[in-house]
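# Summary of structural features
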Amino acid sequence: VQINNKNSQAHTDLCYAYVFTGNIREAINQGTIAINLTPDAPMPYLARALALQKSGQPQAACEDAKMCKLKGEKILNNADLLTEIDNIVLQTCNR
């Protein structure tokens, strides 16, 4: 990110890193940056959904998980990954 702040994957990875280190506010921020950079990519939505879930925002997490699924169905050619995304949507939205 310091070298290229337009790298969506780097911001997505930072989102996950911040979630796992407990800096949820920054995780949501990094996820939002990644989504703004690549709004058609599914994985930034999944990363931010995790952060939102951890922040106690289940409805917003559910919406991001659904967006991940929607975007993933359009571009991913991996049935196993799409099934995993379906499972995440179910888990996130049924809490």
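Above this text sits the structure in question.
Residue indices follow the written sequence of each chain, beginning from 1 at its first position. Only residues with pLDDT of at least 70 are given local features in this predicted model, and only at 80 or more are side-chain atom pairs given and counted; all residues enter the totals for whole chains, interfaces and linings. Side-chain calculation: all heavy atoms of the structure are included, whereas hydrogens and water are not.

## Some details on the state of the cysteines
When two cysteine sulfur atoms lie within 2.5 Å, the pair is treated as a disulfide. All chains considered together, the criterion is met by 1 disulfide. Between the sulfur atoms of Cys62 and its disulfide partner Cys93 the distance amounts to 2.0 Å. Taking the sign of the S-S torsion, 105° for the link of Cys62 and Cys93, the bridge is right-handed. Taken together, the residues Cys62 in helix H4 (residues 58-75) and Cys93 in helix H5 (residues 79-93) connect sequence positions 31 residues apart. With a 1.4 Å probe rolled over the protein chains alone, any residue whose accessible area is under 20% of its type maximum counts as buried; one over 50% counts as exposed, and the rest are partly exposed. Owing to a relative accessible area of 5%, Cys62 belongs among the buried residues under this scheme. In this text, helices come from DSSP runs of H or I with a minimum length of four residues, and strands from runs of E with a minimum of two, each type numbered from the N-terminal end.

## So, the nonpolar core
Side chains of nonpolar character tend, in soluble globular proteins, to be buried together. Put simply, buried Ala, Val, Leu, Ile, Met, Phe, Trp, Tyr and Cys residues joined by side-chain atoms within 4.5 Å make one nonpolar core. Counting 9 residues, the largest nonpolar core is built from Cys15, Val19, Ile24, Ala27, Ile28, Ala47, Ala51, Leu52 and Ala61. Those elements that provide at least two residues to this core are helix H1 (8-21), helix H2 (24-37) and helix H3 (43-54). Setting aside residues no more than four positions away along its own chain, Ala27 makes contact with Cys15, Tyr18, Val19 and Ala51. Residues Tyr45, Ala65, Ile85 and Val89 belong to the second largest nonpolar core, which totals 8 residues. Note on contacts: a residue pair qualifies if any of its non-hydrogen atoms lie within 4.5 Å across the two residues.

## So, the pattern of salt bridges
By convention in these notes, a salt bridge is any Lys or Arg side-chain nitrogen within 4 Å of a carboxyl oxygen on Asp or Glu. Applying the stated criterion across every chain, the model contains 3 salt bridges. Asp40 is paired through a salt bridge with Lys71; the nearest N and O atoms lie 3.5 Å apart. Of this pair, Asp40 sits in the loop between H2 and H3 while Lys71 sits in helix H4; the two residues are 31 residues apart in sequence, bridging distant segments of the chain. What makes Asp40 exposed here is its relative accessible area of 55%. For Lys71, a relative accessible area of 13% gives the class buried.

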